[in-house]
Amino acid sequence: MAKKLVEIYKPFERFWHWMQALLIFFLAFSGFEIHGYYSFFGFENAVTYHNIAAYMLIILILFAIFWHFVTGEWKQYIPTFTNIKAQLNYYLFGIFKNAPHPTKKTVLSKLNPLQKLTYFGLKILVIPVVVTTGLLYMFYRYPTKHGVQSLNIESLETIAILHTIGAFLLLAFIIAHLYLITTGETPSSNLKAMLTGEEEIEE
Amino acid sequence: MELRKVNKMKKFLAFIIVISVITAIVWGSLSSFDYEPTTLMKLKDKYSKKHKPKVDHKKFEVLQAKFGNAREVTKACESCHNLTSAEVMESSHWNWEREEYIQGRGIVYLGKKNAINNFCIGTQGNEQSCAKCHIGLGYDENGQIYTDSTNIDCLVCHDNSETYAKAAGKAGAPEENLDLNLIAQSVGKPKRSNCGVCHFYGGGGNNVKHGALESAMNEPTKEIDIHMAAEGMNLQCIDCHLTENHKISGKLYSFASTCTNRNSCDQCHTNAPHDKDLINSHTLKVSCEACHIPIYAKENSTKLYWDWSTAGRLKDGKPYEEDDSLGNHTYLSIKGSFVWGKNLKPDYVWFNGTASHYLLGDKIENTSQDLVLNQLNGSYKDRESKIVPVKIHIAKQPYDPVNKILIQPKLYAETEGEGAFWKDFNWQKASEIGMKDAGLPFSGKIDFIETKMFWLVNHMVSSKENVVQCNECHTRTDSRLAGLSDFYIPGRDYSKFVDVAGSWLLLLTFLGVASHGTLRIINSRKNKKVKNG
């Protein structure tokens, strides 16, 4: 079968991906300091930096949403159950026997069914929960011209705990994601693709 | 091919630049909320202007005639200030009581006159001694304040010569041999020392009661109090405790019950005085004092515990005292044993400005737990409440276990044999007479009960460099707010379940991918061997 080098990740997509990676790492690191696990920046700085990074991430996400709708790339994330079993089988068994990937990567369908499902879950559930609770966290009390006002929120507890759950889920995702990078055609082909945008795929 | 790559690179770079610029603009406009930066400058300007008296009292003839006693001075004052006595006689400094509304019991008249505390317990029956801090020249034998205006002690508040002094055990009369002419000619606005002569010594000694009001506040350093520091803004008490018609703003919650006429920092500083919104947003639930008074009793110790039950021990038939290394009494035969503290971190409670009180004669509902004498009301859920720093004073004080009421003992008398505890050391006698004076029943039985009082810590404000740091509350261990568990604080609180489950999730994910990876490596080696073999 002939292989051809094609641009599979657009420049914006790569920029979005790496910025998001950087921000999420930073948010996790500063966030778990705020959570009380260790002291690095100092509480006040950790909160300030965490908030700045949060704004940056929100802006990035807004741009990403815009890009996905304009380019129609959002369709990549529609979950599908076809081949999901084959994909699971591949990760559980096939991968150890050098079996071929069960789904073909193409420009129009660059995510495998498991990726689609996971990313869909992140986009529709985890990230919205983390962003919403994060915004409430920041603005349940807000300064106004006449002093400080507050939203009618009885307790921060639910907001804070949901935010923490989101953080753990994202972190677990990152661990798995970092490992799964190595499961491409060669251990480094996925990483190369996300850096250069180009990957050799079958015609 | 190469050209295409360069073009792509250019596009990519341009894109990053555009995004960064937009981010910078958005961030810049989001963070440009500025509170008037000049508030502090304006205040400094206002308070650095020295007060110039409008008249020189030395020049008044009426103050040059030789005074025989303090009443003649008051008369001389009234010859010009001829409507002032009415104001003074309406003040709580004169009446020693104030109309207060207590939730659940209605209007009460409460003050030094009738309140019970857990220091020297109460003034009733002991006026001869306690009235040294009354703004009159003498309580009469029955504990009644004279209605005669010449009994007003103008000088205790207005003496600016710092030579006026009231005598001990004389119901408010001044010491003898004072140069009353010098004093009368010196009069002016009350200085720190005028207020301090009583307010620094409440409870029978320097800093016994408040913890943050003491003789070091006469001429404090900036470390002790940033506002009143003599080398700084040198504020006087009345610069904050604004006074109109001899009614001084601010009140003490050992008597006060309603959220009125309080003094607060935002009088001058507004309720959003910080540059950072993050800090300002705290002011909704946290009082200024909670962060800006990191420690109190900075110079001299304050009393934390008072055990009346050990009072009355004698050595060779005589009362004695024991002191600690700092010179604080740890035991006095007349008063019992004490625990003192210095450089203390305050305790913190929710407070909405209202309080309820144990009033003399109230039945003690539960004698097996600490009896709170002044309950400060408030909670996280209460929108009016803020976290305030307090000193908690615990005492073991006498009560009647049959009638279940606190005892107001007769403590002071001039001579032995009148039944006063401080002379005769007999609880039975002192209680009998004291309760009779107070018009309360006494069963003849005496026991001791632990009582608790809350003292708001409002003074000894530190410089902004020395405020409580974020991580002193936002921390899992030894948080200053460890005692306030009715709400969630980031950094202090967490869901144990979520933290444990989350940690397991991370660990299992890691182990999962690690073993998956290991298996892949092992298998690929095997496959290679098979191929090669």
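Here we take up the overall build of chain B. On a plain count of helices and strands, chain B comes out with 16 helices and 15 strands. For chain B, whose C-alpha radius of gyration is 32 Å, the value lies well above the compact-globule estimate of 24 Å for 533 residues. The C-alpha extent of chain B, read off along each of the three principal axes, is 120 × 60 × 45 Å. Residues counted as buried form 36% of the 533 residues belonging to chain B. Considering only residue pairs separated by 6 or more positions, chain B has 66% of its internal contacts joining residues 24 or more positions apart.

Now for the overall build of chain A. Looking only at helices and strands, chain A features six helices and four strands. The N-to-C order of helical and strand elements in chain A reads β-α-α-α-α-β-β-α-α-β. Referenced to the eigenvectors of the C-alpha coordinate spread, the extents of chain A come out at roughly 70 × 35 × 30 Å. Per-residue burial for chain A yields a buried fraction of 20% across its 203 residues. Once local pairs closer than 6 in sequence are excluded, the contacts in chain A between residues at least 24 apart make up 69%.

On to the nonpolar core, then. Residue and element names in this part refer to chain B. In terms of nonpolar packing, the biggest core is built from 66 residues, with Val 349 and Val 388 touching the most fellow members. Contributing elements (two or more residues each) for this core: α13 (288-292), β8 (336-341), β9 (347-351), β13 (386-400), β14 (405-406), α14 (421-424), α15 (427-438) and β15 (447-456). In this structure, Val 349 is in contact with Leu 376, Gly 378, Val 388, Val 390 and Phe 454, ignoring residues within four places of it in sequence. Ranked by size, the runner-up nonpolar core spans 27 residues in total, among them Ala 70, Met 89, Cys 154 and Cys 157.

The next point concerns the interface of chain B and chain A. Taken together, the contact between chain B and chain A spans 44 residues of the former and 38 residues of the latter. Elements represented by at least two residues in the side of chain B that touches chain A include exactly α1 (2-30), α12 (277-280) and α16 (496-532) of chain B. Among the elements that line the side of chain B that touches chain A, the one with the most residues is α16 of chain B, at 12 residues. The residue makeup of the side of chain B that touches chain A, split by class, is 22 nonpolar, 15 polar and seven charged.

Next up on the list: helix α4 (residues 113-139) of chain A. All names here are of chain A. Its 27 residues give α4 an end-to-end C-alpha distance of 38 Å, which sits within 8% of 39 Å, the value for a rise of 1.5 Å per residue. Along α4, the sharpest kink reaches roughly 40°, centred on Leu 122. Along α4, the residues that are buried comprise Pro 113, Lys 116, Val 130, Thr 133, Gly 134 and Tyr 137. The inward-facing, buried residues of α4 contact α2 (43-71), α3 (84-92) and α5 (157-180).

All names here are of chain B. According to the domain assignment, chain B consists of domain 1 (202-407 + 446-466) and domain 2 (469-509). Put simply, the middle of domain 1 and the middle of domain 2, counted by C-alpha atoms, are 30 Å apart. Facing seven residues of domain 1, the contacting portion of domain 2 comprises six residues. Sorting elements by how many residues they give to the side of domain 1 that touches domain 2 places β9 first, with three residues. In terms of residue class, the side of domain 1 that touches domain 2 is made up of four nonpolar, one polar and two charged.

Residue and element names in this part refer to chain B. Among the secondary structure elements, Gly 341 is positioned in strand β8. Note: C-alpha distance between Gly 341 and Lys 298 (43 residues apart in sequence) is 9.8 Å. Contacts of Gly 341, omitting those with residues within four sequence positions, involve Ala 297, Ser 301, Thr 302 and Leu 304.

Structurally, Ile 78 of chain A can be placed in the loop between α2 and α3. With 41 residues separating them along the chain, Ile 78 of chain A and Tyr 119 of chain A place their C-alpha atoms 9.3 Å apart.

Right, let's get into the pairing of strand β2 (residues 106-110) of chain B. Residues and elements named next belong to chain B. Pairing analysis gives five bridges linking strand β1 (residues 98-102) to β2, with the strands arranged antiparallel. Its bridge partner being in β2, Ile 102 is matched across the sheet by Gly 106. Here β1 folds back onto β2 in antiparallel fashion, the turn holding three residues, of which Gly 104 has a positive phi close to 95°.

Residues and elements named next belong to chain B. One non-glycine residue, Asn 177, lies in the positive phi region at around 65°. Note on placement: Asn 177 falls in the loop between α7 (154-158) and α8 (180-186). Of note, Met 460 is a non-glycine position whose phi angle comes to about 60°, a positive value. As for its placement among the helices and strands, Met 460 is situated in the loop between β15 and α16.

This next bit is on the pairing of β13 of chain B. Residues and elements named next belong to chain B. Burial within β13 is extensive, with 13 of its 15 residues counted as buried. Across three bridges, the pairing between strand β5 (residues 302-307) and β13 is parallel. By the bridge assignment for β13, Asp 307 is matched with Lys 396. Relative to β13, β9 is paired through five bridges, and the arrangement is antiparallel.

The next point concerns the confidence of the model for chain B. Confidence in the prediction for chain B averages 92 pLDDT; 97% of positions are at 70 or higher. For this predicted complex, the interface confidence score (ipTM) comes to 0.92, while the overall pTM stands at 0.89.

All names here are of chain A. For the pair α4 and α5, the least separation of the axes is 9 Å and the interaxial angle reads 140°. Classified by the angle between their axes, α4 and α5 sit oblique to one another. Read as a crossing pair, α4 and α5 show a hand that is left-handed. Two secondary-structure elements touch here, α4 through Leu 122, Val 126, Val 129, Val 130, Thr 133, Gly 134, Leu 136 and Tyr 137 and α5 through Ile 159, Ala 160, Leu 162, His 163, Gly 166, Ala 167, Leu 169, Leu 170 and Phe 173. Across the contact of α4 with α5, the residue classes tally to 13 nonpolar, four polar and no charged.

The next subject is the environment of Ala 193 of chain A. All names here are of chain A. Looking at where Ala 193 falls in the secondary structure, it is placed in helix α6 (residues 189-196). Of the residues examined, Ala 193 has 23 C-beta atoms within 10 Å and is grouped as buried. For the pair Ala 193 and Ile 8, spaced 185 residues apart in sequence, the C-alpha to C-alpha distance is 7.4 Å. Excluding residues within four positions of it along the chain, Ala 193 makes contact with Ile 8, Tyr 9, Glu 198 and Glu 199.

Looking at chain A, pLDDT values average 89 and 96% of them are 70 or higher. Here strand β2 (residues 141-144) of chain A is the element of chain A with the lowest mean pLDDT, 70, and helix α1 (residues 11-34) of chain A is the one with the highest, 96.

Parameters at a glance
Residue numbers here run from 1 along each chain, matching the order of that chain's written sequence. Throughout, the order in which chains and ligands are written sets their labels, letters from A for the former and numbers from 1 for the latter. A pLDDT threshold of at least 70 governs which residues receive local features in this predicted model, and a stricter bar of 80 or more applies before side-chain atom pairs are shown or counted, although totals over entire chains, interfaces and linings include all residues. Numbered from the N terminus, helices here are DSSP runs of H or I no shorter than four residues, and strands are runs of E no shorter than two. The globule rule used here is 2.2 Å times the number of residues to the 0.38 power, and the radius of gyration it is set against is calculated over C-alpha atoms. With C-beta atoms placed from the backbone, a residue is buried if 20 or more other C-beta atoms are within 10 Å of its own, exposed if 12 or fewer are, and partly exposed between those counts. Think of it this way: build a C-beta for each residue from its backbone, and any pair within 7 Å is a contact. To count as a nonpolar core, a set of buried Ala, Val, Leu, Ile, Met, Phe, Trp, Tyr and Cys residues must be joined through C-beta atoms within 7 Å. As a working rule, the residues Ala, Val, Leu, Ile, Met, Phe, Trp, Tyr, Cys and Pro are called nonpolar, Asp, Glu, Lys and Arg charged, and the rest polar, with Gly in that last group. Any helix carries an expected span of 1.5 Å times its number of residues minus one. Bend at a given residue is defined as the angle between two axes, one fitted to the seven residues that end at that position and one fitted to the seven that begin there. Here the bounds of each domain stem from an automatic or database domain assignment. Pairing between strands is defined by DSSP: at least two bridges between them are needed. Every residue carries a pLDDT, the predictor's confidence in it, which falls somewhere between 0 and 100. Note on geometry: axes are lines fitted to C-alpha atoms, helical ones only across the stretch in contact, with angles between N-to-C directions running from 0 to 180 degrees. Comment on the angle field: the value is read as roughly parallel under 35 degrees, roughly antiparallel over 145, roughly perpendicular from 65 to 115, and oblique elsewhere. Each crossing gets its hand from how the near helix is turned against the far one by less than a right angle, where anticlockwise is left-handed and clockwise is right-handed.

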